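A structural walkthrough
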Amino acid sequence: MLNNITDCEEGEGGPNSQGDGNPKESSPFINSSAASDAEKSQQYDGKNMALFEEEMDTSPMVSSLLSSLANYSNLPTGSKEHEEEEYNEEGARPSKKPVKAPQLGTLMGVYLPCIQNIFGVILFLRMTWMVGVGGVLGSFIIVFMCCSTTMLTAISMSAIATNGVVPAGGSYYMISRSLGPEFGGAVGICFYLGTTFAGAMYILGCIEILLIYIIPQAAIFQIEGLEGPEAEAALLNNMRVYGTIVLSFMSLVVFVGVKYVNKLALVFLACVILSILSVYAGVIKTAIDPPVFPVCLLGNRTLLSKGYDVCAKVIEIDNETVTTKLWMSFCDSESLNATCDEYFINNNVTEIQGIPGVMSGILAENLFGNYLEKGVILEKRGLVSDVDPDSPTISSNRYVLADISSFFTLLVGIYFPSVTGIMAGSNRSGDLRDAQKSIPIGTIAAITTTSTVYISSVVLFGACIEGVVLRDKFGEGVSGNLVIGTLAWPSPWVIVIGSFFSTCGAGLQSLTGAPRLLQAISRDGIIPFLRVFGHGKENGEPTWALLLTVSICEIGILIASLDSVAPILSMFFLMCYMFVNLACALQTLLRTPNWRPRFKFYHWALSFLGMSLCLSLMFICSWYYAIIAMGIATCIYKYIEFRGAEKEWGDGIRGISLSAARFALMRLEEGPPHTKNWRPQILVLLSVDAEQNVEQPRLLSLANQLKAGKGLTIVGTAVHGTFLDNHTEAQRADQSLRKLMETEKVKGFSQVVISSNLRDGTSHLIQLGGLGGLKHNTVMVSWPRNWKQPEFHQQFRNFIEVVRETTVASLALLVPKNISSYPSNGERFTEGHIDVWWIVHDGGMLMLLPFLLRQHKVWRKCKMRIFTVAQIDDNSIQMKKDLITFLYHLRIEAEVEVVEMLEGDISAYTYEKTLVMEQRSQILKQMHLTKNEKEREIQSITDSSRGSIRRKHPSKLRSQHSTEEGTSLAEKPEEESVAVSNSKQVQLIHSKNASTPTSPTSPTSPTSPTSPAGGAATWTDNKGADKGRNLLAGNQESGRDLFNMKPNQTDVRRMHTAMRLNEVITKKSKEAKLVLLNMPGPPKNRVGNENYMEFLEVLTEGLNRVLLVRGGGREVITIYS
């Protein structure tokens, strides 16, 4: 029944292996030897391999590889080490004796161990009862279902076991390496629990044989004279006391002498085989001379054999009628005139043969089932009895009663443990001379043999034994004999003694194998809290695992009922077999290149059929036990998934994930997502320093807060250089990104690009990030710091190119300013506001981002406020009502405020600020930025001019501006009128396209010129640009003329708008925790790059945290469900 795992003590690890997350399998392949360089050079000298000598360290010669493979052995550890340790302690030899190569063949290594483990207690104690209650047909169906399940599982197991070397560890190793650590750990624990409860079942069977059939007088709690529940309770208490004693003794034997358990295995096997042969011999004998086992019936009711001495009411002695012991059982006195039980008076006593023989034709009577309720009297079919339905049944303790209520599913649960044990061969794989040949042949032959025995037993029991005897579970009607023993030849004691030793041996095997299985799981390190059970004695004995096994086994002993324990272990074994079939089916369907079993007679349909049978039998046996077992496995699975060590075993679940990912990606390619399904998939652009450390880690914090820890995030960076020369730096950068992502709990992927130009590298990330339909739709890049300083000029140029490229690619853009002041994931805002300044429509991006942020615990308690700007011609009251209605339909809670921007004059300060901005821009164009001295000269000129403006008082500036208007502006009344008429304009973006949110970071990389973004909103109209170019072209002869130039009126208006908006935003949102603002688009040409940065700087001046947002050109939020 149980899977003998005696030889799998260490699992995949050696005696000193630890659960450190590394694979424990020894390997004869690459880099497995530690030869010195000198040895290697000698090894390859003169071998005509000069062409490959530089790669010999990583690619060994074929001859050395084949030699390693030929000498590779994977001996099991544990029991052998224990024996060797004791051998050495005895002083037989001072040094450890060499480990012999495995020599076991199919017969001794697989076939006989499987036979020993499959045959067991259920065959001897419950098989006859199952045939009597379920009938020959019903029992045949049960046996056929269970044997078919194990046969299909054996086929799947043979395919897995022959797909490479299977180290000691048996089913746990096969499942974990085929389905991954999560499934492997969950099923391994279930298999361990099943093996442990199997030990309890065998011990209970051993005690049942001892107290009922061998030494009934040894009962501590006497059953004689007790009836009903009291007798049942006494029996269970005896089982608990003796079971605990036997369990303690067996655990002591396992602890101190495992080698004796192994050596006695053949003795126990001999007992099993002799017992079965004696049954077949008895069947043959019944055809010639049936044994005499009389059964006494009153009417059609079966009487207890201990309740009578003669099967008669009265007997004749010397012509005198004398009452018998049976009379006294039903009457109040010995007198013939005594008052007796009415049923006793109305029915005759008859005696029938309990074993009528195989030729008697009793098979027809036993063909169909006879399920009984608890306490019902066993009755013989076909006999008529006179029963008064109104009279109560008294003296029921004189009849043989059903001890439990029986039904078909109960029989399945009780019987299934008798077909377990098919893993015994695979558990001994390290002992086998040729495991890939022996395991399939030996296992399938053993299952065929045992199935034949079981099916023939069902038919023969039904054909030889009377039905009332079959249903008599404890042989109470046949003088207390074991029912199967009544059929045995030459004596019932052959079966009794044989089954007793068989159950003792099976219990010892369970207590030997289960701790080693637990130790193998513990040393794999996949379940952290079990690691303590991976330790043991110096010779590898799993001491702590044995203690836990004994404790769990004691639970089964305390249940005390064999019929209650059997369904429990059936659940765990069925779950194990189900996942063996699943593993084979998945490997076959996925067609992984490494799936090349030597055993060819398998098919995925057979594996799925076996898996379906296992699942069906689980719920047939007991639906609530099945749910509990699956719940335990699920909990272990989730625990390993979240807390366990990460393992890569090339398992099938990874293959499923790959196939599912491919399928999903192909589906995503079918079209863009609907607005309702749109979510920010963020490409975070980070920069790294010379040591490949991330410079803006808070960008990932913001990305995590936007995603609430969910969704796709791609974190990318560019490394300067070439792929051949800088691959190591790229790997370090990738490790830095992964480490930061793990710290910030960002779920996503890292991507590092090596490019000779960092600007190109960033562009490649934007273009090529993601795969298929799973691409980013939003880019997050940080605001370039110190962009006004000459050494950082390339940074802001790169930044503007990123803005242009995202616009062309229809990607949303998020630019957090002052990113260092943003909160980390561990901070919490207990109050405050997230302010949204909705100036132009961006597809709903500004509405969606605060909603996403407030899902995260950092921003959860912040309230949302939405501000929008009303022009002089707008109805601000109606705008507010419409906005409230819009937010209501969007299901977004926020305060709404409409800010009126009245037209105002352009101040002299704005005029001169714009002039200085353009002067600085022109200086940068005239001078070569590649020389340090010229950079310092530009900076000095710029600083002096800016300082002169700062020293001027704003009121004086206004008066100076009014006097200048008569000269400079009067010469161009047309331009003045344009400036005044356009002072009403507040919009910063004229683009109709706006869209999605995301969160990236800024690349501090040099830019290479790219084509201007088409369709983007622009700061410079053609008219203004032409005038500016003409003006500048006329003044390029002398640097002094720069300070006599006049500012472009378009730039003046935009500076005016930026300053007015900044004034309003600062007034309303100075204390806000975060301000979200529409980000204006860059100029179509690159002439105004510096001016663009200056406008954005002025727009966000005085604000602590600002998130500039550009949409991606599509709607991202909808009012519809």
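In the block above lies the structure referred to throughout.
Predicted model, so just to flag it, every value in this text is computed and none were measured.

1. Here's the deal with the overall build of the protein
For the protein, the helix and strand inventory stands at 35 helices and 15 strands. Looking at the protein as a whole, 55% of its 1121 residues qualify as buried. Carbon and sulfur atoms form 57% of the exposed surface of the protein, whose accessible area is close to 49900 Å².

2. Re the pairing of strand 8 (residues 749-755)
Judged from the seven bridges that link them, strand 7 (residues 713-720) and strand 8 form a sheet pairing that is parallel. Residue pairing in the sheet places His-720 in a bridge with Ser-755 of strand 8. One crossover worth recording links strand 7 to the parallel strand 8 by way of helix 24 (residues 723-743), and it is right-handed.

3. Examining helix 35 (residues 1089-1099)
By the criterion of burial, helix 35 is predominantly enclosed, with eleven of the eleven residues buried. Burial in helix 35 covers these residues: Asn-1089, Glu-1090, Asn-1091, Tyr-1092, Met-1093, Glu-1094, Phe-1095, Leu-1096, Glu-1097, Val-1098 and Leu-1099.

4. Here we look at the state of the cysteines
Taken as a whole, this structure holds two disulfides when the rule is applied. Here Cys-296 pairs with Cys-311 through a disulfide, and the sulfurs are 2.0 Å apart. Across the S-S bond linking Cys-296 and Cys-311, the dihedral sits near 85°, which makes this disulfide right-handed. One end of the pair, Cys-296, is in strand 1 (residues 294-298); the other, Cys-311, is in the loop between strand 2 (301-302) and strand 3 (314-317), and 15 residues separate them in sequence.

5. Here we look at helix 6 (residues 127-161)
An ideal rise of 1.5 Å per residue puts 51 Å on 35 residues; helix 6 reaches only 32 Å between its terminal C-alpha atoms. In helix 6, a bend of some 115° at Gly-135 exceeds every other bend along the element. Within helix 6, 30 of the 35 residues are buried, which leaves the element mostly enclosed by the surrounding structure.

6. Considerations on the pattern of salt bridges
All chains considered together, the criterion is met by 16 salt bridges. Taken together, the shared-partner salt bridges in this structure form one network comprising Arg-126, Glu-208, Asp-403, Lys-473 and Asp-563.

7. Structural notes on the packing of aromatic side chains
Applying the stated criterion across every chain, the model contains 23 aromatic pairs. Summarising the aromatic geometry, the rings of Trp-623 and Tyr-624 are spaced 5.5 Å apart at their centres and angled 85° between planes, so their arrangement reads as edge-to-face. Assessed through its relative accessible area of 55%, Trp-623 is described here as exposed. When its relative accessible area of 45% is taken as the criterion, Tyr-624 is described as partly exposed. Ring pairing ties together the aromatic residues Phe-191, Phe-416, Phe-573 and Tyr-577, which thus form one cluster. The ring centre of Phe-344 lies 4.6 Å from the NZ or CZ of Lys-313, which sits over that ring. Over the aromatic face of Trp-129 sits the side chain of Lys-473, whose NZ or CZ is 4.3 Å from the ring centroid.

8. Side note on the nonpolar core
Counting 155 residues, the largest nonpolar core has Tyr-415 and Tyr-454 as the members making the most contacts within it. Of all the elements, helix 7 (residues 170-214) adds the most residues to this core, at 25 residues. With 48 residues, the next largest nonpolar core counts Leu-699, Leu-846, Leu-849 and Val-896 among its residues.

9. Side note on the sheet that holds strand 5 (residues 349-353)
Read from one edge to the other, the open sheet built from three strands follows the order 2-1-5, with strand pairing classed as antiparallel. Sheet topology places strand 2 and strand 5 at the edges, where each strand pairs with a single neighbour. As judged from the two bridges shared by strand 1 and strand 2, these two strands associate in the antiparallel manner. Of the residues in strand 2, the one forming a bridge with Leu-297 is Thr-302.

10. What about the packing of helix 12 (residues 408-415) against helix 20 (residues 604-621)?
Relative orientation of the contacting elements helix 12 and helix 20 amounts to 120°, with a least axis distance of 8 Å. Seen from above, helix 12 lies across helix 20 with left-handed handedness. Between helix 12, through Thr-409, Val-412 and Gly-413, and helix 20, the contact on the second element is made entirely by Leu-617, Ile-620 and Cys-621. A per-class count over the contact of helix 12 with helix 20 returns four nonpolar, two polar and no charged.

Quick notes on the rules
Residues numbered from 1 in each chain as written. Predicted model: local features only at pLDDT ≥ 70, side-chain atom pairs only at ≥ 80, totals over all residues. Heavy atoms only, no water. Helix = DSSP H or I, 4+ residues; strand = E, 2+ residues; numbered from the N terminus. Buried < 20%, exposed > 50% of the residue type's maximum accessible area, 1.4 Å probe, protein only. Areas by Shrake-Rupley, 256 points an atom, 1.4 Å probe, with all protein chains shown as cover. Pairing = 2+ DSSP bridges. Right-handed = clockwise from strand over helix to strand, strands pointing away. Disulfide = S-S within 2.5 Å. Expected span 1.5 Å × (residues − 1). Bend = angle between axes of the 7 residues up to and from the residue. Salt bridge = Lys/Arg side-chain N within 4 Å of Asp/Glu carboxyl O. Phe/Tyr/Trp six-rings, centres within 6.5 Å; stacked < 30°, edge-to-face > 60°. Lys NZ or Arg CZ within 6 Å of the ring centre and 35° of its normal. Core = buried A, V, L, I, M, F, W, Y, C linked by side-chain atoms within 4.5 Å. Axes fitted to C-alpha atoms, helices over the stretch in contact; angles between N-to-C directions. Left-handed = near helix turned anticlockwise from the far one by under 90°. Contact = heavy atoms within 4.5 Å. Nonpolar A, V, L, I, M, F, W, Y, C, P; charged D, E, K, R; others polar.

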